[in-house]
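Residue strings, one per chain:
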Amino acid sequence: MTPAADVDWERLRAVARDAMSRAYAPYSGYAVGVAALVDDGRTISGCNVENASYGLSLCAECGLVSELQNTGGGRLTHFTCVDGNGEILVPCGRCRQLLYEFGGPGLLLETPAGVMPLSEMLPQAFGPGHLAK
Ligand code: THU
């Protein structure tokens, strides 16, 4: 996997900001955009899509993993998330689990506290490995 220092995080953040500009967040007013690198070199992204039945709202990460699967699958290697101001944002707890499914503990996340592996953001994660036992 490409080391964190060799990744163009600014470019990845620009992709996330572009996705954020297409967010549908009329209820919270809180736009979110995400972007990730895939192990085959693809760059994918997503934005949040809310719903009048609030609980059905989709986080930006839902769109991202859907795009991942629908454009060929693969493994997530590097991820960033931005808020409506384009500032780096931490993914919510549920979305850390979504990311774990497709990136595992080594997925590198850009956070306000720096780049760190998902294993530090979601310790002792439950995942596909448990079901294989
Ligand atoms: N949101 C995301 O899209 N991803 C996150 O990781 C954090 C929260 C969205 C959900 C909702 O549309 C809005 O932000 C406010 O919670």
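Conventions adopted
- Here, residues in each chain are numbered from 1, in the same order as that chain's written sequence.
- Local features in this predicted model are restricted to residues whose pLDDT is 70 or higher, and side-chain atom pairs enter the listing and the counts only when it is 80 or higher, whereas totals over whole chains, interfaces and linings include all residues.
- As a rule here, side-chain values cover all heavy atoms of the structure and leave hydrogens and water aside.
- UniProt positions are given in the numbering used here, feature names are shortened, and annotations may be inferred rather than shown by experiment.
- Numbering of helices and strands runs from the N terminus; a helix is a DSSP stretch of H or I covering at least four residues, while a strand is a stretch of E covering at least two.
- For patches, a residue must show more than 30% relative accessible area and have no salt bridge; joins then use 9 Å for like charges and 5 Å for nonpolar side chains, namely Val, Leu, Ile, Met, Phe, Trp and Tyr.
- Surface accessibility follows the Shrake-Rupley procedure with a 1.4 Å probe radius. Residue values consider only the protein chains on display as shielding.
- Definition used for salt bridges: Asp or Glu carboxyl oxygen within 4 Å of a side-chain nitrogen of Lys or Arg.
- Only protein chains enter the accessibility calculation, which uses a 1.4 Å probe; a residue whose area is less than 20% of its type maximum is buried, one above 50% is exposed, and one in between is partly exposed.
- One bridge is not enough; two strands pair if DSSP finds at least two bridges between them.
- Handedness is read with the strands pointing away from the viewer; a crossover is right-handed when the path from the first strand over the helix to the second is clockwise.

In the annotation of an unreviewed UniProt entry, the entry for the protein chain reads Cytidine deaminase, and the organism field reads Streptomyces luteolifulvus. UniProt, in the comment section headed Sequence similarities (unreviewed entry), describes the protein chain in these words: "Belongs to the cytidine and deoxycytidylate deaminase family."

1. What about the UniProt feature "domain: CMP/dCMP-type deaminase" (unreviewed entry) in the protein chain?
Following the UniProt record, one finds the feature "domain: CMP/dCMP-type deaminase" (unreviewed entry) at residues 7-129. Within residues 7-129, the helical portion is 33% and the strand portion 21%, while the C-alpha atoms at the span's ends are 28 Å from each other.

2. Considerations on a nonpolar patch on the surface
A cluster of nonpolar side chains, contributed by Tyr 24, Tyr 27, Val 49, Tyr 54 and Leu 58, occupies part of the molecular surface with about 520 Å² of accessible area. Within the secondary structure layout, Val 49 lies in the loop between β2 (43-47) and α2 (60-70).

3. Looking at the pairing of strand β3 (residues 76-82)
Burial analysis of β3 places 7 of its 7 residues in the buried class, the great majority of the element. Of the pairings in the sheet, the one linking strand β1 (residues 33-38) to β3 comprises 6 bridges and is antiparallel in character. By the bridge assignment for β3, Val 38 is matched with Leu 76. Two elements, β3 and strand β4 (residues 108-111), share 2 bridges in a ladder whose sense is parallel. From the neighbouring strand, His 78 faces β4, where its bridge partner is Leu 108. In this fold, the crossover linking β3 to β4 by way of helix α3 (residues 93-103) has right-handed handedness.

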